[in-house]
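Spelled out, the chains give:
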Amino acid sequence: MTREKIEQSIEEIFEDISRIFKDIEDGSRDNLGVTRPSYGDGENFAHRYLSEYADELGLEVTKDASSNTYMTLPGQNRSAPRIIFGSHLDSVQDGGNFDGAAGVVAGLALIMILKKLNITPVCDVVAMGIRAEESVWFQVSYLGSRGALGALPEGALDAKRIDTGRTAREHIADCGGDPDALAQGKAYLSSSNVKFFVELHIEQAPSLIERDIPVGICTGVPGLFMYPDARIQGEYGHVGTPRVYRHDAAMAGAEFAMALDQEWARQEANGTQMAITFGRFHTDSAAHGMTTIPGEFCFSMDVRGYEPALIEHMERFVASTVQNIEANRNVKFKLGEKRAAAIGFTDQELEKALYESASKMNVPAVMMKSPASHDAGAFSAAGIPTGMVFVRNENGSHNPREKMSIEDFFQGVRTIIPWLLDEVTV
Ligand SMILES: [Zn+2]
């Protein structure tokens, strides 16, 4: 296949793809940005819009028990393991248009290019719109992809959406899914029916912008453990109480966060990449006051890393730090339910192939670790060869100012094309 023909097909779909992004944004616009809650209105809109678009393109459109959307270009051998390009269609509250959606639209773009090139692939090629990746809504990671992979963690269907208070089970049923089937844990996707999973995603850090390179090839997705609803129980008291009599829950929370932050700095100084986030960190507004020793302190904690040994170390570190602070400050930690997701190891051969593929199209690309977690992590944990392509993006993500140019989006798409053509033609 000549470069010229590929470039021509990109040119022919450029306007269509720009319009898709604009339509999805317009249909899920909120006050400041876009809001597509997991198993909620904005997400439903994006699934419906893309399903209709795919239907008009003549693709097969199907759903699974998690109500993920599959837009399939049928291959010559329908029973051969398929190649899936996908990402999530939900967003955080007042988020940006590209975090997630870009990966689904990339799948459609690749299929549109195959069609322009008159190629019937040897196996099915699928653009997958995944549900509920943003853990902020149900405080569970990868709800949609792990549902498809038959790998939902214990209790996931009973998790409540933070804004509605209703369970994942109820929301999934509302959106046309089948929570009872999910509860049985049957895998709709597995390493026996998926040959590759490739996720294009905007970069959420500024490293590609700073290096002035449009594309990154991912070499790993972090694993994580988190405590969504942790609490420290102390005792409310008068501001004049001497130190020795205090049970100050807020000071205990501050000491805990600082201890973890210092451990993070120590790990980083030794060359180990990781991240710790206290997304919520507060006293109880119904009981706190300027002259009151805080008797209760609430926080959420999210710890991520790329090595199993580091994750284990951090779990032990959390436990020992809790013990020390409890003893020194007369408080009690209630970390609450722990949630976790496995480390995503990208497929090294696929990484290499995507890097070479980029150079065939003269796309400047670098190898890099993913700072954030992604659905790709769930596919890799299920033993499916997985790759990720990051696209340069300004202003970070999870905010309305995220800014990926459509030109850069197509640099990400270009990166995949020669590899895909090798895989789907004989
Ligand atoms: Zn994302």
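None of these values were measured; they are calculated from a predicted model.

Trainee: Help me understand the nonpolar core in this model?
Mentor: Taken as a class, soluble globular proteins show a tendency for nonpolar side chains to be buried jointly. Judged by nonpolar contacts, the single largest core of 63 residues is most densely connected at I17, F409 and W419. Broken down by element, the residue count for this core peaks at 12 residues, all from helix α3 (residues 101-116). Residues contacting W419, with those up to four places away along its chain left out, are I83, F85, F196, V198, L350, A353, L354 and S357.

Trainee: I keep staring at the side chain of S397 and nothing clicks. Help me out?
Mentor: Summarising the element assignment, S397 is placed in the loop between β16 (386-391) and α13 (406-424). The class of S397 is buried, set by a relative accessible area of 15%. Of the polar contacts made by the side chain of S397, one reaches the side chain of D99; its length is 3.2 Å. In this structure the side chain of S397 is engaged in a polar contact, spanning 3.0 Å, whose partner is the side chain of Q204. Those residues in contact with S397, other than ones at most four positions away along the chain, are D99, I202, Q204 and E402.

Trainee: Please clarify how the domain arrangement of the chain should be interpreted in this entry.
Mentor: By a widespread convention, an interface's size corresponds to the accessible area lost as its parts come together. According to the domain assignment, the chain consists of domain 1 (3-221 + 344-424) and domain 2 (223-341). For the domain 1 and domain 2 pair, buried surface summed over both sides reaches about 1100 Å², with 45% attributable to carbon and sulfur atoms. Put simply, domain 1 and domain 2 have zero salt bridges between them. Connecting domain 1 to domain 2 are six residue pairs in polar contact (both at pLDDT 80 or more). Here the side of domain 1 that touches domain 2 is built from residues that sort into eight nonpolar, six polar and two charged.

Trainee: What is the right way to read the coordination of the zinc ion from this model?
Mentor: Reference values for coordination geometry: four tetrahedral donors around a metal ideally subtend 109.5 degrees, six octahedral donors ideally subtend 90 or 180 degrees. The coordination sphere of the zinc ion, as far as protein atoms go, consists of H88 (NE2), D99 (OD) and H201 (NE2), spread over 2.0 to 2.2 Å. Mapping the donors of the zinc ion onto the primary sequence yields the spacing H-x10-D-x101-H. You can see H88 sitting in strand β3 (residues 82-88) and its partner H201 sitting in strand β5 (residues 194-202), a full 113 residues away along the chain. A residue is classified by how much of its surface remains accessible, and H88, at 0% relative accessible area, is buried.

Trainee: Can you walk me through the pairing of β16 in this structure?
Mentor: With six of six residues buried, β16 is to be regarded as a mostly interior element. Residues T386, M388 and F390 point to one face of β16 and G387, V389 and V391 to the other, with burial holding for every one of them. Where β5 and β16 come together, six bridges link them in parallel fashion. Residue pairing for β16: I202 is matched across the bridge by V391. Pairing between strand β6 (residues 215-218) and β16: three bridges, direction antiparallel. Along β16, the bridge assignment pairs G216 with F390.

Trainee: Explain the packing of aromatic side chains here, please?
Mentor: The way to describe two aromatic rings as a pair is by their centre distance and the angle between their planes. Scanning all chains against the criterion turns up 18 aromatic pairs. Between Y70 and Y188, the aromatic rings sit 5.2 Å apart at their centres with planes inclined by 45°, giving tilted as the arrangement. Here Y70 is found in strand β2 (residues 69-73), whereas its partner Y188 is found in the loop between α7 (179-183) and β5, with 118 residues between them in sequence. Aromatic rings pair up to connect F256, F278, F281, F297, F299 and F333 into one cluster. Over the aromatic face of F225 sits the side chain of K338, whose NZ or CZ is 5.7 Å from the ring centroid.

Trainee: Looking at this structure, how should I read the pattern of salt bridges?
Mentor: It is possible for side chains bearing opposite charge to pair when their charged atoms get close. Tallying each qualifying case throughout the model produces 25 salt bridges. For R414, the salt bridge identified is with E7, shortest N-O distance 2.8 Å. In this pair, R414 is assigned in helix α13 and E7 in helix α1 (residues 3-27), connecting sequence segments 407 residues apart. Among the residues examined, R414 registers a relative accessible area of 14% and is labelled buried. The partner of D124 in a salt bridge is R78, with the nearest N and O atoms 2.9 Å apart. A residue pair is termed long-range when its members are at least 10 positions apart, and D124 in the loop between α3 and β4 (125-130) and R78 in the loop between β2 and β3 qualify at 46 residues. The exposure class of D124 is buried, given its relative accessible area of 8%. Ionic contacts of the salt-bridge type, sharing partners, join the residues K22, E25, D26 and R29 into one network.

Trainee: Sorry, what's going on with the packing of helix α11 (residues 348-360) against α13 here?
Mentor: Two numbers describe a pair of packed helices, the interaxial angle and the distance between the axes. Contact geometry of α11 with α13 gives a least axis separation of 7 Å together with a crossing angle of 115°. What the angle tells us is that α11 and α13 run roughly perpendicular. Considering only the axes of α11 and α13, their crossing is right-handed. Across the interface between the two elements, L350, A353, L354, S357, A358 and K360 of α11 pack against T415, I416, I417, P418, W419 and D422 of α13. For the contact of α11 with α13, the class distribution of residues is eight nonpolar, two polar and two charged.

Rules used throughout
Residues numbered from 1 in each chain as written. Predicted model: local features only at pLDDT ≥ 70, side-chain atom pairs only at ≥ 80, totals over all residues. Heavy atoms only, no water. Core = buried A, V, L, I, M, F, W, Y, C linked by side-chain atoms within 4.5 Å. Buried < 20%, exposed > 50% of the residue type's maximum accessible area, 1.4 Å probe, protein only. Helix = DSSP H or I, 4+ residues; strand = E, 2+ residues; numbered from the N terminus. Contact = heavy atoms within 4.5 Å. Polar contact = N/O pair within 3.5 Å; in protein donor to acceptor, adjacent residues only side chain to side chain. Domains from an automatic or database assignment. Buried area = accessible area lost by both parts, 1.4 Å probe. Salt bridge = Lys/Arg side-chain N within 4 Å of Asp/Glu carboxyl O. Nonpolar A, V, L, I, M, F, W, Y, C, P; charged D, E, K, R; others polar. Donors = N, O, S within 2.8 Å, 3.2 Å for Na, K, Ca; no water. Pairing = 2+ DSSP bridges. Phe/Tyr/Trp six-rings, centres within 6.5 Å; stacked < 30°, edge-to-face > 60°. Lys NZ or Arg CZ within 6 Å of the ring centre and 35° of its normal. Axes fitted to C-alpha atoms, helices over the stretch in contact; angles between N-to-C directions. Parallel < 35°, antiparallel > 145°, perpendicular 65-115°, else oblique. Left-handed = near helix turned anticlockwise from the far one by under 90°.

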